[in-house]
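So you can see what is in the structure, the chains are spelled out below.
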Amino acid sequence: MKNNLEEKFKEFEEKNKKADLGGGPERIKKQHESSKMTARERLEALLDPGSFVELDKLVVHRCTDFGMDKNKILSDGVVSGYGKIDGRLVYVFAQDFTVFGGTLSRANADKIVKIQRLALKMGAPVIGLNDSGGARIQEGVQSLGGYADIFHLNVRSSGVVPQISAVLGPCAGGAVYSPALTDFIFMVEKTSYMFVTGPDVIKAVTHEDVTKEDLGGAMTHNSKSGVAHFVAEDDVQAMMMIRELVSFLPPNNMEDPPVKSCTDDIHREDEKLQTLIPSDPNKPYDMLTLIETVVDDKHFLEVQPHYAKNIVVGFARLGGKPVGIVANQPAHLAGVLDINSSLKGARFVRFCDAFNIPLIVFEDVPGFLPGTLQEFGGIIKHGAKLLYAFSEATVPKITVITRKSYGGAYCVMASKHIGADANFAYPTAEIAVMGSEGAVNILYRDKIDKEEDRQEKIREYQDTFANPYRAAELGYIDEIIYPKQTRFKLIQALEMTHNKTETIPPKKHGNIPL
Ligand code: HXC
């Protein structure tokens, strides 16, 4: 019986200390030796100093099987609560690998669910730091139920509050589906991996030999599968990158993204842009140069920089306002649209639309990629996703055609017809159904024998269509601008669209071609 205050406070202090130590010094040492931070260290790096408020620190599991009733550790393998990033509220949970391998019990699933519910109610982002052996085997279906509760809330929260996941250790089996349901996934080189079935199961079923790293490491998911969006060198860098991402996002779908005061001259013109686009339409150039030259302080946070490089997506600011940029990249596969780039673009466009982030589109696209691989892979339905996403988006949409805008790709890349609010083109723009050679070959298939006549027809087609003027005559392009004017023109268009309201017919939800 503890009678005096001193003893009561001591008991409280000891419990706190115990919880802070997680699985104990040995396991913390092991965690550090694996180049990983502990859950609490990660949260400290992620949040503004002193801002973390921990909830459910004294929770323990309720399992009695397999001797678990004699093995309880405070916090039960997940550290959760809320804190601030740049003074703005975020909800967080970090799985603690030092406690039962960070595995999911019923009790710690309830902690995560509590965070998700609070975030929904208060309208703030949820950041989940994953490092876990998956379902806690001793708890059986209770653990699976916990996962399903988390998945359900992931889906309910989708498009309401931003959800960000970092995978900082193992993430296997069904556990991968919580990160997959969130908006962005960060991974860390060499320490994180995600897969539905591991190398041993794969070996037994398909006889393939594959390492953990090749199967589900950070670069696999950042460059091959497109599952992840960012890769960091270590945990600290991952936490810094999450802070940067959050700085562009509103706390929820009812609020605008945070405007920063802009010290970069909004009238700034860069002569370098005048010659960036080569006069030879077959020559590539780097679209990133254009983006970085135009945006505030040359600061562009590229999303999925290693995946489907023929399209560039990411966040920047113009005149202090966050924008989402979608741009074809002529320096990679000539900027063609294919399955992967359509998926990458569509998902990003939908995120921006859900969270009131205006879209800026830089277009230089020769069309959709031809070939059986693309057709058999379903380029029709995947390309349709990008078309659907742009058409559906009601945020301000501003398009700049820098060079090629051919065929279906003209329609897809935020054309006037699918609701763009401001459409610009450079004098170098070419807007037509297809390239001049292809067009002449079809139009004059059996009508021209001599090569010089064919060349003449190609020149004629080029003179007629390989420019922005036909589209401008029809009002499909609002204004032809010099490349060096791009920054100011975009900022003006953003101001013009600031109070945009556009309603869509009431419906339960659309049926995006999945
Ligand atoms: C209970 C587990 C556990 C699990 C690990 N541990 N996985 N306890 N349930 N699933 C415990 C270990 O016993 C150990 O406890 C501690 O966590 C650390 O694990 P180690 O094996 O020592 O660490 P390491 O060598 O780094 O290997 C980590 C690992 C490995 C790769 C994650 O533990 C592993 O393969 N675990 C099983 C993973 C798994 O199959 N999970 C189920 C996936 S299916 P002590 O006390 O010794 O420190 C799934 C379904 C989800 O999750 C479905 C959702 C719908």
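The structure under discussion appears in the preceding block.
Cut-offs used in this document
Residues numbered from 1 in each chain as written. Predicted model: local features only at pLDDT ≥ 70, side-chain atom pairs only at ≥ 80, totals over all residues. Heavy atoms only, no water. Salt bridge = Lys/Arg side-chain N within 4 Å of Asp/Glu carboxyl O. Helix = DSSP H or I, 4+ residues; strand = E, 2+ residues; numbered from the N terminus. Buried < 20%, exposed > 50% of the residue type's maximum accessible area, 1.4 Å probe, protein only. Contact = heavy atoms within 4.5 Å. 1 Å grid on protein atoms, 1.4 Å probe; cavity = no way out; pocket = protein on both sides within 12 Å on 5 of 7 lines; lining within 4 Å. Points joined across faces, edges and corners; volume = space filled by probe spheres on them. Nonpolar A, V, L, I, M, F, W, Y, C, P; charged D, E, K, R; others polar.

Draft legend 1. Just the pattern of salt bridges, in detail. Taken as a whole and judged by the stated rule, the model has 32 salt bridges. With a shortest N-O distance of 3.6 Å, E33 and K29 are connected by a salt bridge. Taken as a pair, E33 and K29 lie in helix α2 (residues 25-33) at a separation of four residues, close to a single helical turn. Looking at E33, the relative accessible area reads 56%, which means it is exposed. Taking the relative accessible area as the measure of exposure, K29 reaches 46% and is therefore partly exposed. Note that R459 is salt-bridged to E456, the shortest N-O span being 3.2 Å. Here the residue R459 and the residue E456 both occupy positions in helix α17 (residues 451-465), the gap between them amounting to three residues, near one helical turn. Accessibility expressed as a relative area gives 41% for E456, which makes it partly exposed. Three or more residues are tied together by salt bridges with common partners; here these are D20, R40, E54 and K57.

Draft legend 2. Main features of the environment of E292. With respect to the helices and strands, the residue E292 is situated in helix α11 (residues 287-294). Remark: the alpha-carbon pair of E292 and A316, spanning 24 residues in sequence, is separated by 8.9 Å. With near-sequence residues (within four places) excluded, E292 lies in contact with K298 and F300.

Draft legend 3. Broad picture of the layout of surface pockets. The computed volume of the second largest pocket comes to approximately 270 Å³. As for the second largest pocket, its lining consists of 14 residues, of which N282, Y406, E430, G435 and S436 are closest to the centre. Across the lining of the second largest pocket, the residue classes break down as five nonpolar, five polar and four charged.

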